[in-house]
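Observations on the three-dimensional arrangement
Below, each chain spelled out in residue letters.
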Amino acid sequence: MNSVLRKLPIGIQTFEDIRRDNYLYVDKTAFVWRIANTGKPYFLSRPRRFGKSLLLSTFEAYFKGKKELFEGLAIEQMEKEWRQFPVLHLDLNAKKYETPEDLNAMLNQHLEKWESQYGDEKKDRSPEERFSYVISRASEQAGCGVVVLVDEYDKPLLQTLCNIPLMEEYRQTLKAFYGVLKSSDRYLRFVFLTGVTKFAQVSVFSDLNQLNDISMKPQYATICGITMQELTHTFAPEIQQLAEHNGLAQEEALQKMKISYDGYHFCEFAEGVFNPFSVLNLFDGYKFSNYWFQTGTPTFLVELLKKSEYDLRTLIDGVEASASSFTEYRIDANNPIPLIYQSGYLTIKDYSSRFGNYLLEFPNDEVRYGFIDFLIPYYTSVVDDERGFYIGKFILELENGDYDSFLTLTPYTKKESDLINPASGFGRLDVEETDKEYKVLLDLPGMKKEEVKTSIENHCLVVEGERKSEKKDKKYHVSERSFGSFHREVSLPENADLDNVTAVYENGELKVTIPKKQLNNGKKAITVN
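Throughout what follows, the structure given in this document is the object of discussion. (Residues numbered from 1 in each chain as written. Predicted model: local features only at pLDDT ≥ 70, side-chain atom pairs only at ≥ 80, totals over all residues. Heavy atoms only, no water.)

Further remarks concern the side chain of Arg46. Along the polypeptide, Arg46 turns up in the loop between strand S1 (41–45) and helix H3 (52–63). Buried and unpaired, Arg46 has Asp213 as its nearest opposite-charge partner, separated by 7.1 Å. For Arg46, the side chain forms a polar contact with the main-chain oxygen of Ser215, separated by 2.9 Å. For Arg46, the residues in contact, after removing those within four places along its chain, are Lys52, Gly195, Val196, Ser215, Tyr220, Ala221, Ile223, Cys224, Phe266 and Gln342. (Helix = DSSP H or I, 4+ residues; strand = E, 2+ residues; numbered from the N terminus. Buried < 20%, exposed > 50% of the residue type's maximum accessible area, 1.4 Å probe, protein only. Lys, Arg positive; Asp, Glu negative; His and termini not counted. Salt bridge = Lys/Arg side-chain N within 4 Å of Asp/Glu carboxyl O. Polar contact = N/O pair within 3.5 Å; in protein donor to acceptor, adjacent residues only side chain to side chain. Contact = heavy atoms within 4.5 Å.)

Shown next, in the form of structure tokens:
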């Protein structure tokens, strides 16, 4: 086939569009048939942009009996009947959830569409009552079970992680709505829910105890993502073009792809997969870049990490965790690891069968270096235009096994919800050197002298303190000032004279002067006895 005519499905999540418009497709239909014919209620957790929406769209086409879309695919030889079922496809991904009305509006939009087809006699009732009625009416009219597909079931909860009252309101709404899937079981042929994470407290998992969570089961580990065999089979011309554009042999190009975009393991016993979003974008321009990471860290994860006391730098060398500690997210637990793993920033790299612990690490270089870039504003005072230089420096240190160099970057202690952040200008420092001394200048606007503690510990200058909030029980129209604890350390050179350090605090600026030890370069007579 002429490579010019080969179409990459970048941003296309509808199976029917991909097949009718002749886009390249990695055949996952054997998974679709096996799942559809061996069980009823399923749940799958995968990171963003990993093909969950396309998978649900494929299920929809299959259950609607659109045989023509599956010509030449694996399922064509597996399915013999091609029956049609009513399909209720709920997509919660296409909205921002910021007010109590937003979730109800999204549910209402889908309910009205289904009611126009199956009956709206319950249109004035609660969302869960309307949902239950639609399912029963659809089953009665079609004379068969109903298929329910829910895409990004957790999107409203993730977007309100830092707004507990609104999140609780959403949780109650979804608890009742998803609870219908249990009470309406006799009307259902198939149920499949996808999301980024598994919330331990939501009724989908507490009430639907028959729900089959296949997120970490080895037989489904490659249902999303691209295996090496699928890559070389589906994209052979693109791999050749990639090698030619970058002056590489094909094996070298594949190895570079593997280092950059492969390495996701969703089960300890399973084959790894490539990030499909990064692979498609790589083949679009044949230029290696951080495509997936550049789409942005999800807002919910950024906000969670800001509030967490977890030292993210410890992730650089990997973290050990039991399955229960990273497969379910508990709102009341101060542990960001489940969301970091389920969002795709960590993956399974090893497993200890003796102790039941998993080793979680960055899947590949794209995520590793992207995450370092993400960490820098939280753990250093490096400004944006200097970030590229320091990322390169940190990468070389990590490649040489010098993890301590990066880990000596001291974080702003995260103790209060109103975190003091380097981006606010609070706690920024300069280190200046002259012939005779070192000067450390630290911005601490609004701090009182007695709130700042300065000391020398282990050949480091340590400055710490706490700016207490005055906002309690007050009404504010605008509130931008930062409050909370801070802690900065500066490693001092060997020639620093630690016995003669002085510090002055004036007008919100701390000035610390560290003299250099004076070397005696003159002559001195030595007495010989």
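Before going further, it helps to spend a moment on the sheet that holds strand S2 (residues 87–91). Reading across the sheet, the five strands line up as S2-S3-S4-S1-S5 and stay open at both edges, with parallel pairing between neighbours. Looking at strand neighbours, the two that pair on one side only are S2 and strand S5 (212–213), the edges of this open sheet. Here S2 runs beside strand S3 (residues 146–151); their pairing, made up of five bridges, is parallel. Within S3, the residue paired with Leu90 across the bridge is Val150. (Pairing = 2+ DSSP bridges.)

Turning to the packing of helix H4 (residues 100–118) against helix H7 (residues 164–183), a few remarks are in order. Following both chains from N to C, one finds H4 and H7 inclined at 25 degrees, their axes separated by 9 Å at the closest point. Here H4 is positioned roughly parallel relative to H7, judged by the angle of their axes. Contacts between H4 and H7 involve Pro100, Asp102, Leu103, Asn104, Leu107 and Leu111 from the first element and Leu166, Glu169, Tyr170, Thr173, Leu174 and Phe177 from the second. In terms of residue class, the contact of H4 with H7 is built from eight nonpolar, two polar and two charged. (Axes fitted to C-alpha atoms, helices over the stretch in contact; angles between N-to-C directions. Parallel < 35°, antiparallel > 145°, perpendicular 65-115°, else oblique. Nonpolar A, V, L, I, M, F, W, Y, C, P; charged D, E, K, R; others polar.)

What follows is about H7. Structurally, the α-helix is built with 3.6 residues per turn, so residues lying three or four positions apart point the same way. An ideal rise of 1.5 Å per residue puts 28 Å on 20 residues; H7 measures up with 28 Å between its terminal C-alpha atoms. If you check which residues of H7 are buried, you get Leu166, Met167, Tyr170, Arg171, Leu174, Phe177, Tyr178, Val180 and Leu181. (Expected span 1.5 Å × (residues − 1).)

Turning our attention to the packing of aromatic side chains. Summed over all chains, the structure comprises 28 aromatic pairs. Seen from their ring centres, Phe70 and Trp82 are 5.3 Å apart, and the 35 degrees between their planes marks the pair as tilted. Of this pair, Phe70 sits in the loop between H3 and S2 while Trp82 sits in the loop between H3 and S2, placing them twelve residues apart in sequence. Relative accessible area serves as the criterion here: at 0%, Phe70 is assigned to the buried category. Taking 5.9 Å as the distance between ring centres and 55 degrees as the angle between the ring planes, the aromatic pair formed by Tyr345 and Phe371 counts as tilted. Separated by 26 residues along the polypeptide, Tyr345 in the loop between helix H16 (337–342) and strand S7 (347–352) and Phe371 in helix H17 (residues 365–379) bring together distant segments of the chain. (Phe/Tyr/Trp six-rings, centres within 6.5 Å; stacked < 30°, edge-to-face > 60°.)

Backbone hydrogen bonds are what pair the strands of a sheet, in a parallel or an antiparallel way. A sheet is described by the order of its strands in space; here four strands give the open sequence S9-S10-S15-S14, paired in antiparallel fashion. Here the strands that pair on one side only, and so sit at the sheet edges, are strand S9 (429–433) and strand S14 (502–506). Strand after strand, the sheet turns through a mean of 15 degrees between neighbouring axes, direction not considered. Across seven bridges, strand S10 (residues 437–443) lies against strand S15 (residues 509–515) in antiparallel orientation. Looking across to S15, one finds that Tyr438 is bridged to Ile514.

Another point: the side chain of Glu366. Position of Glu366 among the secondary structure elements: in helix H17. For the buried Glu366, no salt bridge is present, and the opposite-charge side chain at shortest range is Arg48, 8.1 Å distant. In this structure Glu366 touches Ser260, Tyr261, Ser278, Ser289, Asn290, Tyr291, Trp292 and Phe293, once residues within four positions along its chain are discounted.

Counting across every chain of the model gives 18 salt bridges. The partner of Lys516 in a salt bridge is Glu433, and the shortest N-O contact between them spans 2.7 Å. Here Lys516, found in the segment after S15, pairs with Glu433, found in strand S9; they are 83 residues apart in sequence, far enough to count as distant. On the accessibility criterion, Lys516 (12% relative accessible area) is buried. For Glu433, a relative accessible area of 52% translates into the label exposed.

Taken N-terminus to C-terminus, the directions of helix H10 (residues 236–245) and helix H11 (residues 250–261) make an angle of 95 degrees; their axes are 9 Å apart at the nearest point. On the basis of their axis angle, the class for H10 and H11 is roughly perpendicular. Where H10 abuts H11, its residues Ile239, Gln240, Leu242 and Ala243 lie against Gln250, Ala253, Leu254 and Met257. Partitioning the contact of H10 with H11 into residue classes produces six nonpolar, two polar and no charged.

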